[in-house]
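Read off the chains here:
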Amino acid sequence: MPFTDSLRERIDLIVSGSETRQSALIPVLREIQNEFGYLSNESMEETARILGIPPSSVQNVATFYTMFFRKPVGEHVIWLCRTLSCALRGAEHVEHYMCERLGVKTGGTTTDGKITLMEAECLASCGTAPVMLVDDKLEENLTKEKVDRLIEGLRKG
Ligand code: FES
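Cut-offs applied
Residues numbered from 1 in each chain as written. Predicted model: local features only at pLDDT ≥ 70, side-chain atom pairs only at ≥ 80, totals over all residues. Heavy atoms only, no water. Phe/Tyr/Trp six-rings, centres within 6.5 Å; stacked < 30°, edge-to-face > 60°. Buried < 20%, exposed > 50% of the residue type's maximum accessible area, 1.4 Å probe, protein only. Helix = DSSP H or I, 4+ residues; strand = E, 2+ residues; numbered from the N terminus. Pairing = 2+ DSSP bridges. Salt bridge = Lys/Arg side-chain N within 4 Å of Asp/Glu carboxyl O. Polar contact = N/O pair within 3.5 Å; in protein donor to acceptor, adjacent residues only side chain to side chain. Contact = heavy atoms within 4.5 Å. Domains from an automatic or database assignment. Arc of directions from axis to C-beta.

Some words on the packing of aromatic side chains
Throughout the structure, instances matching the rule amount to four aromatic pairs. Judged by centre distance (4.9 Å) and plane angle (90 degrees), the ring pair of F64 and Y65 falls under edge-to-face. What makes F64 exposed here is its relative accessible area of 62%. Note on Y65: relative accessible area 34%, which makes it partly exposed. Here F69 and W79 contribute two aromatic rings whose centre-to-centre distance is 5.9 Å and whose plane-to-plane angle is 15 degrees, an arrangement assigned as stacked. Remark: W79 occurs in strand 1 (residues 76–81) and F69 occurs in the loop between helix 4 (55–64) and strand 1; sequence separation between them is 10 residues. The same class applies to F69 and to W79, which are both buried. Every member of this aromatic cluster is reached through a ring pair, and the members are F64, Y65 and F68.

A closer look at the pairing of strand 2 (residues 115–120)
Counting buried positions over the six residues of strand 2 gives five, a clear majority of the element. Pairing between strand 1 and strand 2: six bridges, direction parallel. Bridge assignment links L80 to a residue of strand 2, and that residue is E119.

Describing the pattern of salt bridges
Evaluation of the coordinates by the stated rule reveals 11 salt bridges. Among the salt bridges present, the one from E75 reaches K114, with a minimum N-O distance of 3.7 Å. Taken as a pair, E75 in the loop between helix 4 and strand 1 and K114 in the loop between helix 6 (91–102) and strand 2 lie far apart in primary sequence, 39 residues in all. We classify K114 as buried; its relative accessible area is 17%. Between K137 and E139 there is a salt bridge, with its nearest N and O atoms 3.1 Å apart. Overlapping salt bridges, with partners in common, bring together R8, E46 and R49 in one network.

Re the side chain of Q33
Mapping Q33 onto the fold places it in helix 2 (residues 25–36). A polar contact of 2.7 Å, which involves the side chain of Q33, links it to the backbone nitrogen of F69. Not counting residues within four places of it along the chain, the set of residues in contact with Q33 comprises Y38, L39, M67, F68 and F69.

Focus on the domain arrangement of the chain
Parsing the chain into structural domains produces domain 1 (5–64) and domain 2 (76–156). Using C-alpha coordinates to define each centre, domain 1 is positioned 29 Å away from domain 2.

Things to note about helix 4
Among all positions in helix 4, only S57, V58, V61 and A62 are buried. Across the axial projection of helix 4, the buried residues extend over an arc of 125 degrees, all falling on one side. Looking at the buried positions of helix 4, the neighbouring elements they touch are helix 2 and helix 3 (41–51).

Here's what the structure looks like:
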């Protein structure tokens, strides 16, 4: 996947507004992921070349943050919280139900390419557990009925 002129221009803009090339790394990776949907090895190598930093620095950041995908994901990404408060309030049951409804294991993508199901660490909404992020929107107090509505909405949308 070659970088388009438009992507290169957006990267240049990020770099010129950053104090250091290293500090531009995360926003640049976000921009690349927005363009391609994930970060391939080739795009990380190109990022290292553009920023003039070691490829290992790019790899370390891309693998450290869960928000960066190393393989293609669905049109929508669901992040289900599996940390303590959510676990105590039934996140495991929600996860099993979602896997069944979507026909995937956690980490997988539906055959129509619409939805990827991922596990997340605490989403900072423990008081309304169990919760999940659907793309960038927080969904709280999850029940089977709510999960059904959300999945239908994503499939139709
Ligand atoms: S444990 Fe799930 S939001 Fe905090």
